[in-house]
Amino acid sequence: VLAIPRPVLPNLQNAFFGPHTFIIVSLTESVRGLLAFLSNPYFGSLSDRHGRKWLIMLTGCGTCLPPCILACTDNLWVYQFLHAASGAVLATFSLTFAVIADVVVPEKRVQAYSLTMAMFALSNILGPMLGGYLATYGYPAVFIFLLPLVGFNTVVI
C-alpha cells in the first residue's frame, strides 16, 4: 500500500510546497523516524502483554492512513502531518517478526523471515508500477484505489 503512491507523491509535493518541498519532506521523514525509534520498544512490550494481532492491525492501518487520506483531500499539509505522526505506529515489521518467532518452529524461521522480506521487496517492485499505471487515470485514482486495499488487508489480518 505504501509503495503504490510513490510515483505521484513527488509531483504533488513539488506542486503544493514549491521550493520548500525538500525541507518539508525532510522534516516529515525525520519526525517519522524519531517517533518510530521511540515507539517500537513500547509496541514490543505491549504486544507481549496483550497480544500481537490487534496491534498489527493498528500499526498497519496507522501506517497506511496518510496516503489513504489523499483520497479525501488534496491538502498535503494534512498528509505530511499524518505521515510524520504515523511514525508512532511504525512497528508492523517488528510485530510481524515477533509473530514469526512465536508461531514458526525454529528450523523454519529463517525461511519465514526470508519470505516476509521477499514479499516486502515484491511490494516495492509492483507497488510503484501499479501507482504509475493508476496515475494515468488521474492522481485521485491512485489514492482511491488504496481505500479498499487497506480494508482488505485489515480484514485478512
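Residues numbered from 1 in each chain as written. Predicted model: local features only at pLDDT ≥ 70, side-chain atom pairs only at ≥ 80, totals over all residues. Heavy atoms only, no water.

Engineer: Sorry if this is basic, but what is going on with the overall build of the chain here?
Structural biologist: Of regular secondary structure, the chain possesses 7 helices and 0 strands. Written out in order from the N terminus, the α and β elements of the chain read α-α-α-α-α-α-α. Taken against the 2.2 N^0.38 rule, which gives 15 Å for 157 residues, the C-alpha radius of gyration of the chain at 17 Å falls within 12% of a compact globule. Of the contacts made within the chain by residues no fewer than 6 positions apart, 74% connect residues no fewer than 24 positions apart. When the accessible area of the chain is evaluated, it comes to approximately 9100 Å², of which 74% is carbon and sulfur surface. Across the chain, the mean location of the 7 positive side-chain charges is 5 Å away from that of the 5 negative side-chain charges. (Helix = DSSP H or I, 4+ residues; strand = E, 2+ residues; numbered from the N terminus. Rg over C-alpha atoms; globule rule 2.2 N^0.38 Å. Contact = heavy atoms within 4.5 Å. Areas by Shrake-Rupley, 256 points an atom, 1.4 Å probe, with all protein chains shown as cover. Lys, Arg positive; Asp, Glu negative; His and termini not counted. Charge placed at Lys NZ, Arg CZ, Asp CG, Glu CD.)

Engineer: Explain the nonpolar core here, please?
Structural biologist: Soluble globular proteins tend to pack their nonpolar side chains together in the buried interior. Membership of the largest hydrophobic core comes to 16 residues, with the highest contact counts inside it found for Leu 70, Val 142 and Phe 143. Going through the elements one at a time, helix 1 (9-17), helix 3 (53-69), helix 4 (76-85) and helix 7 (139-156) are the ones with two or more residues in this core. Counting residues per element, this core draws most heavily on helix 7, which supplies 4 residues. For Leu 70, the residues in contact, after removing those within four places along its chain, are Leu 9, Asn 75, Leu 76, Tyr 79 and Phe 143. Residues Leu 46, Ile 56, Val 89 and Leu 95 belong to the second largest nonpolar core, which totals 7 residues. (Core = buried A, V, L, I, M, F, W, Y, C linked by side-chain atoms within 4.5 Å. Buried < 20%, exposed > 50% of the residue type's maximum accessible area, 1.4 Å probe, protein only.)

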